[in-house]
Amino acid sequence: MQFPGTTGFNFNEPLIFDRSKNGKTGCSLPEIDLPQVEPESVIPKELLRDKDSNLPEVSELDVVRHYVRLSQWNYCVDAGFYPLGSCTMKYNPKVNEAIFSDKGFTELHPLAPEDFSQGALQVIYELGEYLKEISGMYDVALSPFAGAHGELAGMMIVKAYFQSRGENRKKILIPDSAHGTNPASSAMCGFEVVKVGTADGGILAPETIARMMNEDVAAIMLTNPNTLGLFEKNIKEVGDIVHSKGGLVYCDGANLNALMGIVKPGNLGINLLQFNLHKTFSTPHGGGGPGGGGLAVSRNLAEFLPVPSVIKKGKKYIFDYRRKKSIGRISAFWGNFLVMARAYAYIRSLGPDGLRRVSELAVLNANYARAKLRGHYDIPYDTACMHEVILSDKKQKEKGIITMDIAKRLMDYGFHPPTIYFPLIVPGAMMIEPTETESKQTLDSFINAMIAIAKEAIENPGLGKSAPHITRLKRLDETKAAREPALTCVK
Ligand SMILES: *Cc1c(COP(=O)(O)O)cnc(C)c1O
């Protein structure tokens, strides 16, 4: 079995300043044929520097190599498998980039009048219609900039909804299997977060919600599939209990890539749901952006959505500000348009059958990994999972090898580690999300690396303890690296 990891060509790269040599330039200009002037005669003195700027003096090739090498240090899904659970680091088909790289879209000014932006408005409008169809929700606003931003907009709506009814509900129920942004978004809106424990099977028990639900609770906010990678099978029943006491149901929809074409959240009694367009609908989102966190709601909440939305009037697409109880603007201009554009291209290129296939394969790949790794690793919830599977280091820990060591050792085999130590409710968690875009060969190669590491943990635990061995930098002091970053590796 071949692994992508190797020791060859592992370049170091100094700061561009360290490459500097007096007199080197990146370009040669013709000799000046105008009279030379002193800077003081044309630039006010206070704007002139006293000392030389010490900018690096380098050739064109120096600059090219510097930035190309730096870019090669940056791991990306185009370079290899990226099983980072919860983040959905799947391959983004290049056609989605190509279609919307047209200047008419990329250089459209956000304040261009409606008449000049009909194509862009049509994209926003039609994307909204597709998302309604996919989710089964009643209405949608696409302006939030990311998943957590969509959650924030959603919780602002929950607040506004109860205020409009003269009710002062203070609490939000949040299962411990929900994503960490859920309690954060609730707290940002001034709600009190009440933690709900998950039952033994890793999903919510209706009895627990029945016990905790009362007229002081504004909503339940849950993630489905949850962060254990499991589908909340009782979600309808849970929703009925919450609704019976006048509460709302918020579902974090970041994991929609497990459900498309199979389940419509709108049919499960959900009142609010955000899409993570950058995850599910293919926008490269390493390094924290850009994102799209459109928010969908049930009928009773439509008038609270952020403005403006795009509507179709006759043949024309226009901005609409008429939502009676709107929470107002949630973003500058109209949101991250080019993320919407990619989502639109992705949905159009796959069609309904293709989207369903995405979810089927995402789920199949995670379950394949689960079946192949069983016996080698502890799988705390070893039942059919959705798009991600959670392992723990319980077995390896007996030999002193912990999740951190396994993650570091994976790098020697040429794999980006999965998400580790999340979800928090599984000690030593490894959260693997293969995504639907990976082939059986890639999965097998990753699985074999995982199995090899599990064997090493028994036969030669020292290997894992001191990993990584063949990366450019070895194991860092992570606390120190975060607090005192060394911005050059040249001594
Ligand atoms: C990624 C993620 C979020 C947060 O989304 P951002 O776009 O990073 O703000 C929320 N919930 C879940 C389940 C996620 O996976």
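Residues numbered from 1 in each chain as written. Predicted model: local features only at pLDDT ≥ 70, side-chain atom pairs only at ≥ 80, totals over all residues. Heavy atoms only, no water.

1. Here's the deal with the sheet that holds strand E6 (residues 272-275)
Strand order in the open sheet formed by seven strands is E1-E7-E6-E5-E4-E2-E3, and the pairing between neighbours is mixed. Looking at the sheet topology across the chains shown, the edges are occupied by strand E1 (139-141) and strand E3 (192-196). Pairwise comparison of adjacent strand axes, ignoring direction, gives a mean angle of 25° for this sheet. For strand E4 (residues 217-223) and strand E5 (residues 248-253), the ladder comprises five bridges, and the chain directions are parallel. In the strand pairing of E5, Ile220 is matched with Val249. Packing of helix H6 (residues 181-188) onto the sheet brings it into contact with strand E2 (171-175), E3, E4 and E5, and relative to E4 it is tilted by some 155°. Relative to E5, helix H8 (residues 235-244) is tilted by about 145°, and along the sheet it contacts E4 and E5. (Pairing = 2+ DSSP bridges. Helix = DSSP H or I, 4+ residues; strand = E, 2+ residues; numbered from the N terminus. Axes fitted to C-alpha atoms, helices over the stretch in contact; angles between N-to-C directions. Contact = heavy atoms within 4.5 Å.)

2. Thoughts on helix H13 (residues 440-459)
End to end, H13 covers 28 Å across 20 residues, agreeing with the expected 28 Å (1.5 Å per residue, within 8%). Every buried residue belonging to H13 is among Leu443, Asp444, Ser445, Phe446, Ile447, Ala449, Met450, Ile451, Ile453, Ala454, Glu456 and Ala457, and all of these are buried. As for H13, its buried residues are in contact with helix H10 (337-373), strand E10 (389-392), helix H11 (394-397), helix H12 (403-412), strand E12 (429-432) and helix H14 (461-465). (Expected span 1.5 Å × (residues − 1). Buried < 20%, exposed > 50% of the residue type's maximum accessible area, 1.4 Å probe, protein only.)

3. A short note on the packing of aromatic side chains
The geometry of two aromatic rings is summed up by the distance between their centres and the angle between their planes. Within the structure shown, the criterion is met by 14 aromatic pairs. Between Phe81 and Phe415, the ring centres sit 6.2 Å apart and the planes meet at 90°, which makes this aromatic pair edge-to-face. One end of the pair, Phe81, is in the loop between helix H1 (60-73) and helix H2 (94-99); the other, Phe415, is in the loop between H12 and strand E11 (419-420), and 334 residues separate them in sequence. With a centroid separation of 5.4 Å and an interplanar angle of 80°, the aromatic rings of Phe415 and Phe446 are classed as edge-to-face. Highlighted residues: Phe415 in the loop between H12 and E11 and Phe446 in helix H13, separated in sequence by 31 residues. Here a set of aromatic residues connected by ring pairs shows up, and it is made of Phe100, Phe105, Tyr130, Phe337 and Tyr344. Above the ring of Phe191, the side-chain terminus of Lys159 is found at 4.9 Å from the ring centroid. (Phe/Tyr/Trp six-rings, centres within 6.5 Å; stacked < 30°, edge-to-face > 60°. Lys NZ or Arg CZ within 6 Å of the ring centre and 35° of its normal.)

4. Quick look at the site of the ligand
The ligand sits among 13 residues. The nearest are Gly147, Ala148, Asp252, His278 and Lys279. Within the contact set of the ligand, an oxygen atom lies 2.8 Å away from a side-chain nitrogen or oxygen of His278. Lys279 places a side-chain nitrogen or oxygen 2.7 Å from an oxygen atom of the ligand. If you list the elements that add at least two residues to the shell around the ligand, you get helix H5 (147-164) and helix H9 (277-280). When residues of the shell around the ligand are assigned to their parent elements, the largest contribution, three residues, is made by H5. A class-by-class count of the residues in the shell around the ligand yields three nonpolar, seven polar and three charged. (Near = heavy atom within 4 Å. Polar contact = N/O pair within 3.5 Å; in protein donor to acceptor, adjacent residues only side chain to side chain. Nonpolar A, V, L, I, M, F, W, Y, C, P; charged D, E, K, R; others polar.)

5. A short note on H6
Those residues of H6 not exposed but buried are Asn182, Ser185 and Ser186. What you see down the axis of H6 is that its buried residues fit within an arc of 100°, all on one side. Along its buried surface, H6 packs onto H5, E2, E3, E4 and E5. One or two steps after H6, the chain reaches Gly190, where phi turns positive at roughly 85°. (Arc of directions from axis to C-beta.)

6. A look at a nonpolar patch on the surface
A contiguous nonpolar patch, built from Val37, Val42, Ile43 and Leu47 and spanning about 390 Å² of accessible area, is present on the exposed surface. Take Val42: it is sitting in the segment before H1. (Patch = residues over 30% accessible without salt bridge, like charges linked within 9 Å, V, L, I, M, F, W, Y side chains within 5 Å. Areas by Shrake-Rupley, 256 points an atom, 1.4 Å probe, with all protein chains shown as cover. Salt bridge = Lys/Arg side-chain N within 4 Å of Asp/Glu carboxyl O.)

7. Observations concerning the packing of H10 against H13
Each packed pair of helices is defined by two parameters, the angle between the axes and the distance between the axes. Running from N to C, H10 and H13 cross one another at 35°; their axes reach a closest spacing of 10 Å. Read as a crossing pair, H10 and H13 show a hand that is right-handed. On H13, the residues touching Asn365, Tyr368, Ala369, Lys372 and Leu373 of H10 are Lys440, Leu443, Asp444, Ile447, Met450 and Ile451. Grouping the amino acids of the contact of H10 with H13 by side-chain chemistry returns seven nonpolar, one polar and three charged. (Left-handed = near helix turned anticlockwise from the far one by under 90°.)

8. Section: the pattern of salt bridges
Under the criterion given, the structure shown has 29 salt bridges. Among the salt bridges present, the one from Lys465 reaches Asp405, with a minimum N-O distance of 2.4 Å. Separated by 60 residues along the polypeptide, Lys465 in helix H14 and Asp405 in helix H12 bring together distant segments of the chain. Lys465 sits in the partly exposed class, given a relative accessible area of 40%. Members of the salt-bridge network, linked through shared partners, are Glu13, Arg19, Lys24, Asp62 and Arg69.

9. So, the packing of helix H4 (residues 118-135) against H10
Relative orientation of the contacting elements H4 and H10 amounts to 45°, with a least axis distance of 9 Å. Relative to H10, the element H4 is oriented oblique. In the crossing of H4 with H10, the sense of the turn from one axis to the other is left-handed. Only Phe337, Met340, Ala341, Ala343, Tyr344, Ile347, Arg348 and Leu355 of H10 make contact with H4, whose side of the interface consists of Ala120, Val123, Ile124, Glu126, Leu127, Tyr130, Leu131 and Ile134. For the contact of H4 with H10, a count of residues per class yields 14 nonpolar, no polar and two charged. (Parallel < 35°, antiparallel > 145°, perpendicular 65-115°, else oblique.)

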